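# Survey of secondary and tertiary structure
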Amino acid sequence: MKEKFSQIVSRAVPLPIENIDTDQIIPARFLKATTREGFGENLFRDWRYGADGNPTKDFVLNNDAYDGKILVAGKNFGCGSSREHAAWAISDYGFRAVVSSFFADIFKSNALNTGILPVVVSDAFLKMLFEKISQNPKIEIEVNLAEQKIKIDEEEETFEISPYKKTCLMNGYDDIDYLISLKEEIKRFDLAHTL
């Protein structure tokens, strides 16, 4: 089972770049491991570090002003190859939610399966988030999965999520855990339909 997700209130890390692909999230040369641990140290590796291995000063993850469990990213986040390692890297770094106005379908699915909530907001709400975070890096965002709402200051917007994935996230289930949670219902169904 994974950590349950109901609601988080956190500062956010802004990454206002569109079309961030999975190779930028976790470069292919770091995909040798088969477990989910250790990928966070190479999240956005080629943007975080120069060729000499030193941190890139102007990259947001190297800026002490920004931190938190929410990544706010530009439109079309997670495009490119279908590597689930991208979601693993985001989770291992410590993010619990990613907010964007559009996610690539496979990345969105991988994120949900990893226990990360991809929050799809309107372009206007995303722009407003970037502005507010830029004005005040300490501002907090509330992501409420139960109510399917995201809020900053007095501004809020609802977001969609499949009921199945919502149930899984709120209970910390993966697909197998979900089936196990239905064990008694499955037994009753089987008994009722056995000849």
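What comes next concerns the included structure. The shown structure was predicted, so the numbers you read here are calculated from the model rather than taken from an experiment. (Residues numbered from 1 in each chain as written. Predicted model: local features only at pLDDT ≥ 70, side-chain atom pairs only at ≥ 80, totals over all residues. Heavy atoms only, no water.)

### A short note on the sheet that holds strand β8 (residues 155–158)
Where we set the bar: Here a strand pair is declared whenever DSSP counts at least two bridges between the two strands. Where helices and strands are cited, they refer to DSSP runs of H or I of at least four residues and of E of at least two residues respectively, numbered from the N terminus. In this analysis, axes come from line fits to C-alpha atoms, helices being fitted only over the stretch in contact, and the angle between any two N-to-C directions falls in the range 0 to 180 degrees. Throughout, a contact is declared for two residues whenever any of their heavy atoms are within 4.5 Å.
Taking strand neighbours across the sheet as the criterion, the four strands line up as β1-β6-β7-β8 in an open arrangement whose pairing is antiparallel. Of all the strands in the sheet, just β1 (7–10) and β8 have a single pairing partner and so form its edges. Averaged over all pairs of adjacent strands, the angle between their axes in this sheet comes to 10 degrees, without regard to strand direction. Bridge analysis of strand β6 (residues 141–144) against strand β7 (residues 149–152) gives four bridges, and the strand direction is antiparallel. When the sheet's bridge partners are listed, V143 is paired in β7 with I150. Lying over the sheet, helix α5 (residues 123–135) contacts β6, β7 and β8, oriented at roughly 35 degrees with respect to β7.

### Some thoughts on the packing of aromatic side chains
Stated precisely, the cut-off is as follows: When the centres of two rings from Phe, Tyr and Trp lie within 6.5 Å, Trp using its six-membered ring, the rings pair. Their planes under 30 degrees apart give stacked, over 60 give edge-to-face, and anything left gives tilted. Buried, partly exposed and exposed residues are distinguished by accessible area as a fraction of the type maximum, computed with a 1.4 Å probe on protein chains only: under 20%, between the cut-offs, and over 50%, respectively. Lysine and arginine charges are scored as sitting over a ring when NZ or CZ, respectively, is within 6 Å of the ring centre and within 35 degrees of the ring normal.
Overall, the coordinates contain eight aromatic pairs when judged by the stated rule. Consider the rings of F103 and F107, whose centres lie 6.1 Å apart with planes at 15 degrees: the pair is stacked. For F103, a relative accessible area of 3% puts it in the buried group. By way of ring pairs, the aromatic residues F44, W47 and F59 are connected into one cluster. Above the face of the Y49 ring, R45 is positioned so that its terminal group lies 4.5 Å from the ring centre.

### A few points about the environment of Y93
Along the chain, Y93 turns up in helix α3 (residues 85–93). Separated by 85 residues in the primary sequence, Y93 and I8 place their C-alpha atoms 16 Å from one another. Other than its neighbours up to four places away in sequence, Y93 contacts G40, L43, R48 and L61.

### What about the sheet that holds strand β5 (residues 117–120)?
Within the open sheet, the four strands sit side by side as β2-β3-β4-β5. Their pairing is parallel. The sheet is open, and its two edges are formed by β2 (12–15) and β5, each paired on a single side. Neighbour-to-neighbour, the strand axes of the sheet open up by a mean angle of 20 degrees, direction not taken into account. Where strand β3 (residues 70–73) meets strand β4 (residues 97–100), three bridges bridge the pair, whose relative direction is parallel. Looking at β4, one finds that I70 is bridged to A97.

### Observations regarding the environment of D46
Under the convention used in this document: Identification of polar contacts relies on pairs of N or O atoms within 3.5 Å, with a donor-acceptor requirement for protein atoms, meaning one able to donate a hydrogen and the other able to accept it, and with residues adjacent in sequence counted only if both atoms are side-chain atoms.
Tracing the backbone through its elements, the reader meets D46 in helix α2 (residues 45–48). C-alpha of D46 to C-alpha of Q24: the two residues are 22 residues apart in sequence and 7.1 Å apart in space. Residues within four places of D46 in sequence aside, it is in contact with P27 and R29. There is a polar contact of 2.5 Å between the side chain of D46 and the side chain of R29.

### Overview of the pairing of β5
Stated formally: Call a crossover right-handed when, viewed with both strands pointing away from you, the route from the first strand across the helix to the second goes clockwise.
Inspection of the sheet shows β4 paired to β5 by four bridges, in the parallel sense. Pairing of V99 across the sheet is with V119, part of β5. Note that the unit made of β4, helix α4 (residues 105–114) and β5 has a crossover that is right-handed.

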